[in-house]
Amino acid sequence: MSYQRPGTEPFMYSPKACVSCQQYAHLGFDEDKHCPFQRHSGLQAKPTRTPYGQCSRHGVQVFATQICNAHAPDPHIECFDVSNRPEPRVAIQEGMVL
């Protein structure tokens, strides 16, 4: 059993994108011409596959690296800002605030 000080909760760092949202459910990896990941050595080709999943808020499949205005971060994750992708997996029409 591990001891934890009262009042502290575990957390991790993640980009403020779909991957850190409570409404995202991971499904797999898919080909992506805008894959943001770096290769680990000079012997490998540039990665071309990006994680994707289902967004329960919008009801569409999204790349894990997409950003929307309905981001709901998990309370155990500390998010950092990143720039958005040039193209989404599926275009999302977000409602306007009245």
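As a reminder, the structure under discussion sits directly above these lines.
Trainee: Lay out the overall build of the chain with the relevant residues and their values.
Mentor: Looking only at helices and strands, one finds zero helices and five strands in the chain. Listing each helix as α and each strand as β along the chain from the N terminus yields β-β-β-β-β. Burial statistics for the chain: of 98 residues in total, 26% are counted as buried. For the chain, contacts bridging at least 24 residues in sequence account for 61% of all contacts bridging at least 6. With an accessible surface of roughly 7,500 Å², the chain has 55% of that area assigned to carbon and sulfur atoms.

Trainee: Outline the side chain of Ser14, supporting the account with residue identities and numerical values.
Mentor: Among the secondary structure elements, Ser14 is positioned in strand β1 (residues 12-15). The exposure class assigned to Ser14 is buried, which follows from its relative accessible area of 7%. Apart from residues lying up to four places away in sequence, Ser14 is in contact with Val19, Ser20, Ile77, Glu78, Cys79 and Phe80.

Trainee: Please give an account of the nonpolar core that cites residues and values.
Mentor: With seven residues, the main nonpolar core is built from Cys18, Cys21, Tyr24, Cys55, Val60, Val62 and Ala64. If we ignore the near neighbours within four places in the chain, the residues touching Val62 are Cys18, Tyr24, Tyr52, Gly53, Cys55, Arg89 and Ile92.

Trainee: Tell me about the pairing of strand β4 (residues 60-63), and name the residues and values.
Mentor: Summarising the sheet, strand β3 (residues 49-55) and β4 pair through four bridges and their orientation is antiparallel. Counterpart to Tyr52 in the pairing with β4 is Phe63. Between β3 and the antiparallel strand that follows it, β4, lie four residues; Gly59 among them carries a positive phi value of about 70 degrees.

Trainee: Describe the sheet that holds β4, naming the residues involved and giving the relevant values.
Mentor: On the basis of which strands lie adjacent, the open sheet formed by three strands has the order β2-β3-β4 and antiparallel pairing. Edge positions in the sheet fall to β2 (24-31) and β4, since each has one partner strand and no second. Across this sheet, the average inter-strand angle for adjacent strands is 35 degrees, counted without regard to direction. When β2 meets β3, the two strands line up antiparallel, connected through seven bridges. Considered in β3, the bridge of Ala25 is made with Gln54.

Scoring rules and cut-offs
- Along each chain, residue indices are assigned from 1 in the same order as the chain's sequence is written.
- Where local features are concerned, this predicted model is filtered to residues with pLDDT of at least 70; where side-chain atom pairs are given and counted, the filter is 80 or more; whole-chain, interface and lining totals use all residues.
- Hydrogens and water molecules were not included; the side-chain quantities draw on all heavy atoms of the structure.
- By the criteria applied, helices consist of DSSP H or I runs no shorter than four residues and strands consist of E runs no shorter than two, each listed in order from the N terminus.
- Here's how the labels work: a residue is buried when its accessible area is under 20% of the maximum for its type, exposed when over 50%, partly exposed in between, all with a 1.4 Å probe on protein chains only.
- Every residue pair with non-hydrogen atoms within 4.5 Å of one another is taken to be in contact.
- With residues, only the protein chains shown are counted as cover, and all accessible areas are computed by Shrake-Rupley using a 1.4 Å probe.
- As used here, the term nonpolar core means buried Ala, Val, Leu, Ile, Met, Phe, Trp, Tyr and Cys residues forming a set that is joined through side-chain atoms within 4.5 Å.
- Pairing between strands requires that DSSP locate at least two bridges from one strand to the other.
- Axis lines are fitted to C-alpha atoms, over the contacting stretch for helices. Their N-to-C directions set the angle, which ranges from 0 to 180 degrees.

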